[in-house]
Amino acid sequence: MNVNEELKIIIVAPRGIGKTSILAAMHEEFHKTFERANLQTWVENSGVLAAINECKSILKNIDPRITKQVTPTQPKDNPWNDQGFTFEIGSNSKKFMKLRFTDPSGEYFSPTATLQQKEYIKQQLNQCDAIVIPIDATALMQKKTGMVTDRELGTWHEEKNNPQRITSLLKDAFSNVTSPRLLILAPVKCETYTKTSRDAENLLSHVKMGYSELLDFVKSDSLLIDKVAVVVTPVQTIGNVTFAYHKTDIDGFTKFFYYKTPINAPYEPKDGDQPLRNIMLFLMNVFLLNKKHFLEQEKENLDTLETQLSIDKDKLNNAKREFEEEKRILDKRNTMWWFFRAIVNAFDDREPIYYQAKDNLENKQGNVQELQSNIESTTENIQATQEQITAFNNALFRFAIGCKNNDGFAILQGHKWLEFPQNLF
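Everything numeric here is computed off the predicted structure, so don't read it as measured data.

K.L.:
Teacher, can you tell me more about the packing of aromatic side chains here?
P.N.:
In this description, an aromatic ring pair is defined by two values, namely the gap between the centres and the angle between the planes. All told, the structure shown has ten aromatic pairs when counted by the stated rule. Consider the rings of tyrosine 245 and phenylalanine 257, whose centres lie 4.9 Å apart with planes at 15 degrees: the pair is stacked. Of the two residues, tyrosine 245 sits in strand S10 (residues 241–248) while phenylalanine 257 sits in strand S11 (residues 254–260), which places them twelve residues apart along the sequence. Overall, the relative accessible area of 12% leaves phenylalanine 257 in the buried class. Measuring from centroid to centroid gives 5.3 Å for phenylalanine 323 and tyrosine 354, while their planes differ by 35 degrees, and the two rings are tilted. With phenylalanine 323 in helix H11 (residues 273–334) and tyrosine 354 in helix H13 (residues 351–402), this pair connects stretches of sequence that are 31 residues apart. Aromatic rings pair up to connect Trp156, Phe243, Phe256 and Tyr258 into one cluster.

K.L.:
Would you take a moment to explain the pattern of salt bridges for this structure?
P.N.:
Pairing of side chains with opposite charge becomes possible as their charged atoms draw close. One pass over the full model with this rule turns up 15 salt bridges. Residue lysine 219 pairs with aspartate 216 through a salt bridge whose shortest N-O separation is 3.8 Å. One end of the pair, lysine 219, and the other, aspartate 216, are both in helix H9 (residues 212–220), three residues apart, so they sit about a helical turn from each other. Salt bridges linked by common partners bring Glu326, Arg333, Asp348 and Arg350 together as one network.

K.L.:
Hey, could you run me through the side chain of aspartate 312 in this one?
P.N.:
With respect to the secondary-structure elements, aspartate 312 resides in helix H11. Salt bridges are absent for the buried aspartate 312, whose nearest opposite-charge side chain, lysine 315, sits at 4.4 Å. Side-chain polar atoms of aspartate 312 contact the side chain of glutamine 308, separated by 2.8 Å. Setting aside residues up to four positions removed in sequence, aspartate 312 forms contacts with Asn367, Val368 and Leu371.

K.L.:
It is not clear to me how the nonpolar core should be interpreted in this structure. Could you clarify?
P.N.:
Of all hydrophobic cores here, the largest spans 115 residues; its most connected members are Leu99, Phe101, Ile131, Ile133 and Ile279. With 18 residues, the single largest contributor to this core is H11. Excluding its chain neighbours within four sequence positions, the residues that come into contact with leucine 99 are Leu7, Ile9, Phe85, Thr86, Phe87, Ile89, Ile279, Met280 and Leu283.

K.L.:
Got a minute to help me understand the pairing of strand S1 (residues 7–11) in this structure?
P.N.:
For a regular strand, the rule is simple: side chains alternate between the two faces of the sheet. Summarising burial for S1: five of the five residues are buried, a large majority. In S1, alternate side chains face the same way, and those of Leu7, Ile9 and Ile11 on one face and Lys8 and Ile10 on the other are all buried. Judged from the four bridges that link them, S1 and strand S4 (residues 94–102) form a sheet pairing that is parallel. Note on S4: the bridge partner recorded for leucine 7 is leucine 99. Taken together, the three bridges between S1 and strand S5 (residues 130–136) define a ladder with parallel strand orientation. Across the sheet, the residue bridging to isoleucine 9 is alanine 130, located in S5.

Criteria and thresholds
- Residues numbered from 1 in each chain as written.
- Predicted model: local features only at pLDDT ≥ 70, side-chain atom pairs only at ≥ 80, totals over all residues.
- Heavy atoms only, no water.
- Phe/Tyr/Trp six-rings, centres within 6.5 Å; stacked < 30°, edge-to-face > 60°.
- Helix = DSSP H or I, 4+ residues; strand = E, 2+ residues; numbered from the N terminus.
- Buried < 20%, exposed > 50% of the residue type's maximum accessible area, 1.4 Å probe, protein only.
- Salt bridge = Lys/Arg side-chain N within 4 Å of Asp/Glu carboxyl O.
- Lys, Arg positive; Asp, Glu negative; His and termini not counted.
- Polar contact = N/O pair within 3.5 Å; in protein donor to acceptor, adjacent residues only side chain to side chain.
- Contact = heavy atoms within 4.5 Å.
- Core = buried A, V, L, I, M, F, W, Y, C linked by side-chain atoms within 4.5 Å.
- Pairing = 2+ DSSP bridges.

Dropping the structure here:
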């Protein structure tokens, strides 16, 4: 992750899983999550933001039987036209980092996707810093006769969540990882399966079972186990609902239906801040590690510049003395009667020596001025970097203490990227 580039997060799931719904649940938590960390956000208007707000409007006004569903994100004629959902983060009106969430159409993840769509997804996965995988909890946890047992997976898990396809895409994307990555497995529409701590832990166990191939892959490679952090964060994308029944449409696509409990329950997503907190905790850790290295380099650069400035100031003082001496000699020569001056100049012309000393002085003055300008610029960089480190270091603690690590929430890999980095500052 380059500290000067925007940081990229992609939502990866087949159609109908709830990619936009999880973004809506996260967006619902934006202001209070960042305000509590004493950070400011600047949000750019985009088509994705409009889709998020439309999704929230539908969910807020949905009927008790939840018969109306959020419209899936439609494929674009040109996938690269998708600008995503972007916001910037900073402190004291200074912007420090930009995050871009990309919410591609679920059609792009299908084996029948066009070559252009597949190339787009491959590029996005290779360039991203964090990947959020929404998981349809109902598909994972339900079978036709009721809830799954401890050793079973849901009847529709393969059909709806398509873990093999997701794993294949990530294996390709992680084939040459050079920078840290975050992988978030986020069960959504999981209200039915997180009612108690025991229920939530059972859901976590089934997430591990349902994505065992992917989890085995990222922990079996010595490079990936150091670079890839993995967390599980269930998100109740509506709140106050329970699974009712399933229905297969004429195209053979299975849909799940839910009831509000109670019937007048409001739109009240729960734990939408958790993916966001983990994303921010991870990205800030990586960002701050890079900033620390940048700060060390700038301080070394400043020491070098200051040493060189001291040397060049000595050279400048010597050049000044030489110039003043040559000027004194030339001025004295110029006071002589012109006839004698002409004779003396024929054997010892002082003007070329004077102008050579003058040029040397001007060069030394230019060198000192350039070094002073570089020192000023480097000092400003150091001060700005220290301000960023201080602001984000304070924010990290607030994000860290708000992250859940029990009752279905877990860090499966890469703890060092998801904790408060005491040793960095």
